[in-house]
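# Structural overview
Spelled out from the first residue to the last, the chains are:
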Amino acid sequence: MMTFEEEKMQLACEDLHATEKLCESENASVIETIKNKIKKRTDSQRSELAVVERLQRQIIVADCQVYLAILSFVKQELSSYIKGGWILRKAWKMYNKCHSDISQLQEAYQKRCSGQQGVTAASPPSSSSSSSSSSSPSHSASSSSTPLPQRLSRVSGETLSRLMGSVSFGYGLFHLCISMMPPHLLKIVNLLGFPGDRHQGLSSLTYASESKDMKAPLATLALLWYHTVVQPFFAMDSTDTQTGLVEAKAILQRREAVYPSSSLFMFFRGRVQRLECQINSALTSFNNALELATDQREIQHVCLYEIGWCSMIELRFDDAYRAFDRLRTESRWAQCYYAYLTGVCQGATGDTEGATNTFKDIQKISKRKNNPIEHFSTRRAELLRRQSPTRERCTLAVIEVLYLWKALADSSTSKLQHMSQVLQDTEDAACAGLRQLLLGAIHKCQGNTKEAIRCFQLAARDEEGHLSNSYVQPYSCYELGCMLLDNPESSSKGKGLLLQAKEDYSGYDFENHLHVRIHSALASLKEAGPQ
């Protein structure tokens, strides 16, 4: 799965389906299975082991379904989102059943422990209908009208705690995946019978990461990925990002002694440093991680990707070109995207002839026309090739990519000033709206609120460049709306602009990405209370 290469992702799908078949069992509840086992066998230890084994198999099946859904979402197509949502619905049913059954067993364990020793065990994160512990079993569970058999007392509290850690990993990933879906698809998924609760997902992953289950390290990596990659991309402002950084730094500090030479933990340390605008330190961490991952090609690729991005942020176009060119050559995932980044960085160095050849190659390797990133890369490359790329146009294209991927905020003041000067020197009328949008974003990063608002207003009124830069107007409305939300006197107007960006525009680049950000902004507005 980590390769994101189509052939290997297909192999991953086949392996996951094979694992499902190996683990599948009847859909009777675990509590019913317990009763049947005890009726049929006199050996209580064998019955208890069978119960634990069946719970574990059911959790593995649900985990497989979550991974299959993630592989579906990676395709970034409407049909893939729907298919992924349907797979997650099946996973939800399995997780809900396992979570309920394990919680019943842990409630019984807690009550037995309280009755015999007067000690109440702590409960792991769960839904409101479940409570659990890691102490000792009891004859009955409060959430079930049928008493649990006395022989179940041999199932240890440690085993139950590990099982809860096991189910909490996938359960948490499930909630995070659903909560990050585009809003118009999220409504459909909610109608299918389950919500996506971000806080529940984070709580469950935290519990899993601190458990003794074998997936605890994976839960830790999932939390780090969320706090340092996902949350900064979708956050409306810096508040949520800063909260995530505090969490990520705490996780890294706790795990440093356990994984002192881990390339992945070194990678996430670099992510934290990048988000704190310590770009040179981040580059050192990513290069160290690259050296540590000598036999791990996929980890090398994510390190190269970050090296390329940090180099772009620092306007070191030669270094960025080398990183992305290596990715373009070695990776078969998102080749159009890597080739486009290679071309714009190559052109920004002054090698416009080489950039032209790179842009020509993109048309040959384009495969997934419905993929928004590939579609953007292919169309942008063709536009630059037809116009004969210049150093200035390629540099503007780099700044555009930095904006779209929310990386401008990671740039230093001096680099932002240099970008601003490049944009001011650009006189192409077709890029007027895009230029104002990017200038507004740079002013926003610099804290120049009035200038930022002025630029966003100019960009929102741009009609001439609508065909070549279709996303400029809705993104400008969104940016302007977010800025107006910060002032109580203009918050209602800001909300109106967010709704305008959501409802009045369609069919533009990265529409789903903007809808997720608008959804996040409106949700944050509701949490803050009525304006």
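An account of the accompanying structure is given in this report. Residue positions are given per chain, counted from 1 along the sequence in the order it is written. Given that this is a predicted model, residues contribute local features only at a pLDDT of at least 70 and side-chain atom pairs are listed and counted only at 80 or more, while totals for whole chains, interfaces and linings are drawn from all residues. Side-chain metrics rest on all non-hydrogen atoms present in the structure, leaving aside hydrogens and water.

### Some thoughts on helix α15 (residues 352-365)
Its 14 residues give α15 an end-to-end C-alpha distance of 20 Å, which sits within 8% of 20 Å, the value for a rise of 1.5 Å per residue. Every buried residue belonging to α15 is among Gly354, Ala355, Thr356, Thr358, Phe359 and Ile362, and all of these are buried. Buried residues along α15 sit in contact with α13 (317-330), α14 (335-348) and α16 (372-386). A helix here means a DSSP run of H or I that spans at least four residues, while a strand means a run of E at least two residues long, and both kinds are numbered starting from the N terminus. Here, expected helix span is obtained from the residue count minus one, scaled by 1.5 Å. Buried means the residue's accessible area, taken with a 1.4 Å probe over protein chains only, is under 20% of the maximum for its type, while exposed means over 50%, and partly exposed covers the values in between. The contact criterion used throughout is that any non-hydrogen atoms of two residues lie within 4.5 Å.

### Concerning the nonpolar core
Trp309, Met312, Tyr340 and Trp405 are the most contacted members of the largest nonpolar core, which totals 154 residues. Looking at this core, the element that brings in the most residues is helix α3 (residues 44-73), giving twelve residues. For Trp405, the contacting residues outside a window of four places in its chain are Phe233, Tyr305, Trp309, Tyr337, Ile373 and Phe510. For our purposes a nonpolar core is just a set of buried Ala, Val, Leu, Ile, Met, Phe, Trp, Tyr and Cys residues, chained together by side-chain atoms within 4.5 Å.

### With respect to the pattern of salt bridges
Salt bridges are defined as contacts in which a side-chain nitrogen from Lys or Arg sits within 4 Å of a carboxyl oxygen from Asp or Glu. Within the structure shown, the criterion is met by 20 salt bridges. Two residues, Arg274 and Glu306, come together in a salt bridge whose shortest N-O distance is 2.8 Å. Taken together, the residues Arg274 in helix α10 (residues 263-275) and Glu306 in helix α12 (residues 297-313) connect sequence positions 32 residues apart. Looking at Glu306, the relative accessible area reads 5%, which means it is buried. Here Arg322 and Asp319 are joined by a salt bridge, their closest N and O atoms 2.3 Å apart. Here Arg322 pairs with Asp319, and both are found in helix α13, just three residues apart, close to one helical turn.

### Quick look at unusual backbone geometry
At Leu315, a position not held by glycine, the phi torsion is positive, near 60°. Along the chain, Leu315 falls in the loop between α12 and α13. The residue Lys406 is not glycine, and still its phi comes out positive at about 55°. Along the chain, Lys406 turns up in the loop between α17 (391-404) and α18 (413-424).

### Description of the packing of aromatic side chains
In summary, the pairing rule links any two rings of Phe, Tyr or Trp, Trp by its six-membered ring, whose centres are within 6.5 Å, and it sorts them by plane angle into stacked for under 30 degrees, edge-to-face for over 60 and tilted for everything else. Scanning all chains against the criterion turns up 21 aromatic pairs. Each ring, one from Trp92 and one from Tyr171, has its centre 5.9 Å from the other, and the planes form 20°; the classification is stacked. Of the two residues, Trp92 sits in helix α4 (residues 78-117) while Tyr171 sits in helix α5 (residues 157-179), which places them 79 residues apart along the sequence. As far as burial versus exposure is concerned, Trp92 and Tyr171 are alike and both buried. Measuring from ring centre to ring centre gives 5.4 Å for Tyr471 and Tyr475, while their planes differ by 80°; the resulting arrangement is edge-to-face. A relative accessible area of 1% means that Tyr475 is categorised as buried. Ring pairs connect the aromatic residues Tyr305, Trp309, Phe324, Tyr337, Tyr338, Tyr340, Phe359, Phe376, Trp405 and Phe510, which therefore count as one cluster.

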